[in-house]
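Summary of structural features
Each chain is listed here by its residues.
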Amino acid sequence: MTGERLLGGRYQLREVVGYGGMADVHLARDVHLDRWVAVKILRDDLARDPMFRARFRREAQAVAGLNHPTIVAVYDIGHGDEGRPEGAPFMVMEYVAGRSLRDLLDDGELALADAVQHELGVLSALAVSHQAGVVHRDIKPANVMLTLIGAVKVVDFGIARSSGDRDAGVTETRAVLGTAQYLSPEQVRGELADARSDLYSAGCLLYELLTGRPPFLGDSPVAVAYQHVHEEPAPASTHRDQITPALDDVLRKALEKDRENRFQSAREFTDALQSAAKGLVDENGCLAPDHLTSPAGQGHEDLCHTSCR
């Protein structure tokens, strides 16, 4: 294939498969281990900035320490090759063949049980990252992948921060980072995000998985951000009749403006959602089991019982 180059003497870069605010992601072949990987390379214009290089390095360190089936694995890190400015940092990650929840939502309405199961996979990832002291700060549909067998993989810890990170400067910690539709009120106000901020974003994600739309819409990111701080979302059931009062209650707590009134942990959110989801039916017409996948589990599992296959 034309245009290929060997990064770090090992990774044969192919086409770009993803773009982000800080980096581009290439499909690549690890010629040493003969396997496909994803290589995330800091953008050329940012590679000259020590702050962005440090942030990129923190992402690699944060994710490398998280070992769980619902979190994309980091295999290697390095610094550029010939033709890259100042040895642009790169990160070699597990290649996830599949689709994002953004792609899935764009295709149309999800069965309620399937929506809940995807959310439980995200909460499973957050339970692990929060236990390790890592706050993602950008949970949204585009940052959640589904593998070919339907397993959840949370990706792009590009603005993640360790809860004990004393090196993060005021500009970074006070900036409004993330995507407007999924920002917690405290992030909008420029306050320091914590695990409960991720859980608010996960609540926004659940709202969209269940209804097909985020809790707040507006003509601009600023208008949406304003609503997160000052307005209450309509109950999800106003957008979809099948949504039960129990699910409305879970969303109401997840989207509390004051983080002290929200779920205080991914486990608490998971327990409430599992209870509210009893009796839901997936896209194959199968009842969701009483005990869906929890943060202590191994990630996404098929909702259908064997008898439904």
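Up top is the structure these notes are about.
1. Thoughts on the pattern of salt bridges
Counted by the stated rule, this structure contains 19 salt bridges. Of the charged contacts, one joins Arg 43 and Asp 45 as a salt bridge, the two residues approaching to 2.5 Å between their closest N and O atoms. Salt-bridge contacts for Arg 196 lead to Asp 194; the nearest nitrogen and oxygen are separated by 2.7 Å. As far as the burial class goes, Arg 196 and Asp 194 line up, both buried. Residues participating in the shared-partner salt-bridge network are Glu 186, Arg 189, Glu 191, Asp 194, Arg 196, Arg 259, Glu 260 and Arg 262.

2. Observations regarding the sheet that holds strand S7 (residues 98-100)
Strand order in the open sheet formed by 3 strands is S7-S9-S10, with antiparallel pairing between adjacent strands. Edge positions in the sheet fall to S7 and strand S10 (152-154), since each has one partner strand and no second. Averaged over all pairs of adjacent strands, the angle between strand axes in this sheet comes to 30°, irrespective of strand direction. Along the sheet, helix H4 (residues 112-131) contacts strand S9 (144-147) and S10; its crossing angle with S10, the most-contacted strand, is approximately 45°.

3. Observations regarding the pairing of strand S6 (residues 89-94)
Remark: a regular strand shows side chains that alternate across the two faces of the sheet. Burial analysis of S6 places 6 of its 6 residues in the buried class, the great majority of the element. As paired elements, strand S4 (residues 35-42) and S6 share 5 bridges and run antiparallel to each other. Within the sheet, the bridge partner assigned to Val 37 lies in S6 and is Glu 94. In the sheet, strand S5 (residues 74-79) pairs with S6 via 5 bridges, with the strands oriented antiparallel. The residue of S6 that forms the bridge with Val 74 is Met 93.

4. As for the packing of aromatic side chains
Considering all chains together, one arrives at 2 aromatic pairs under this definition. A ring pair is formed by Tyr 11 and Phe 90, whose centres lie 6.2 Å apart and whose planes are at 70°; its orientation type is edge-to-face. Taken together, the residues Tyr 11 in strand S2 (residues 11-19) and Phe 90 in strand S6 connect sequence positions 79 residues apart. Per residue, the accessibility class of Tyr 11 equals that of Phe 90, and both read buried. A ring pair is formed by Phe 263 and Phe 269, whose centres lie 4.7 Å apart and whose planes are at 20°; its orientation type is stacked. The pair formed by Phe 263 and Phe 269 is uniform in burial state, with each residue classed as buried. Across from the ring centre of Tyr 75, 4.0 Å away, lies the NZ or CZ of Arg 35, which sits over that ring. Sitting over the ring of Phe 263, Lys 253 keeps its end group 5.7 Å from the ring centre.

5. A look at the packing of helix H7 (residues 195-211) against helix H10 (residues 266-276)
For the pair H7 and H10, interaxial distance at closest approach is 11 Å and the crossing angle is 25°. In terms of their interaxial angle, H7 and H10 are classed as roughly parallel. Here H7 and H10 pass one another in a crossing that is right-handed. Across the interface between the two elements, Leu 199, Ala 202, Gly 203 and Leu 206 from H7 touch Ala 266, Phe 269 and Leu 273 from H10.

6. Concerning the side chain of Ser 201
The topology assignment puts Ser 201 in helix H7. Apart from the residues within four sequence positions on either side, Ser 201 is in contact with Ile 139, Tyr 182, Ser 184 and Gln 187.

7. Side note on a nonpolar patch on the surface
A cluster of nonpolar side chains, Val 17, Trp 36 and Tyr 95, forms an exposed patch at the surface whose accessible area comes to about 280 Å². Secondary-structure assignment places Trp 36 in strand S4.

8. Some points on the side chain of Asp 194
Relative to the helices and strands, Asp 194 resides in the loop between helix H6 (185-188) and H7. Among the polar contacts made by the side chain of Asp 194, one reaches the side chain of Arg 196 at a distance of 2.7 Å. Once residues lying within four places of it in the same chain are set aside, the contact partners of Asp 194 are Val 135 and Arg 259.

9. As for unusual backbone geometry
The phi angle at Asp 34 is positive, at roughly 55°, despite the residue not being glycine. Note on placement: Asp 34 falls in the loop between strand S3 (23-30) and S4. Its identity is not glycine, yet Arg 137 carries a phi of approximately 75°, on the positive side. A relative accessible area of 4% places Arg 137 in the buried class.

10. Side note on the environment of Phe 269
Among the secondary structure elements, Phe 269 is positioned in helix H10. A C-alpha to C-alpha distance of 7.8 Å links Phe 269 and Val 250, two positions 19 residues apart in sequence. Apart from the residues within four sequence positions on either side, Phe 269 is in contact with Glu 119, Leu 123, Leu 199, Ala 202, Gly 203, Leu 206, Val 250, Ala 254 and Phe 263.

What counts and how
Residues numbered from 1 in each chain as written. Predicted model: local features only at pLDDT ≥ 70, side-chain atom pairs only at ≥ 80, totals over all residues. Heavy atoms only, no water. Salt bridge = Lys/Arg side-chain N within 4 Å of Asp/Glu carboxyl O. Buried < 20%, exposed > 50% of the residue type's maximum accessible area, 1.4 Å probe, protein only. Pairing = 2+ DSSP bridges. Helix = DSSP H or I, 4+ residues; strand = E, 2+ residues; numbered from the N terminus. Axes fitted to C-alpha atoms, helices over the stretch in contact; angles between N-to-C directions. Contact = heavy atoms within 4.5 Å. Phe/Tyr/Trp six-rings, centres within 6.5 Å; stacked < 30°, edge-to-face > 60°. Lys NZ or Arg CZ within 6 Å of the ring centre and 35° of its normal. Parallel < 35°, antiparallel > 145°, perpendicular 65-115°, else oblique. Left-handed = near helix turned anticlockwise from the far one by under 90°. Patch = residues over 30% accessible without salt bridge, like charges linked within 9 Å, V, L, I, M, F, W, Y side chains within 5 Å. Areas by Shrake-Rupley, 256 points an atom, 1.4 Å probe, with all protein chains shown as cover. Polar contact = N/O pair within 3.5 Å; in protein donor to acceptor, adjacent residues only side chain to side chain.

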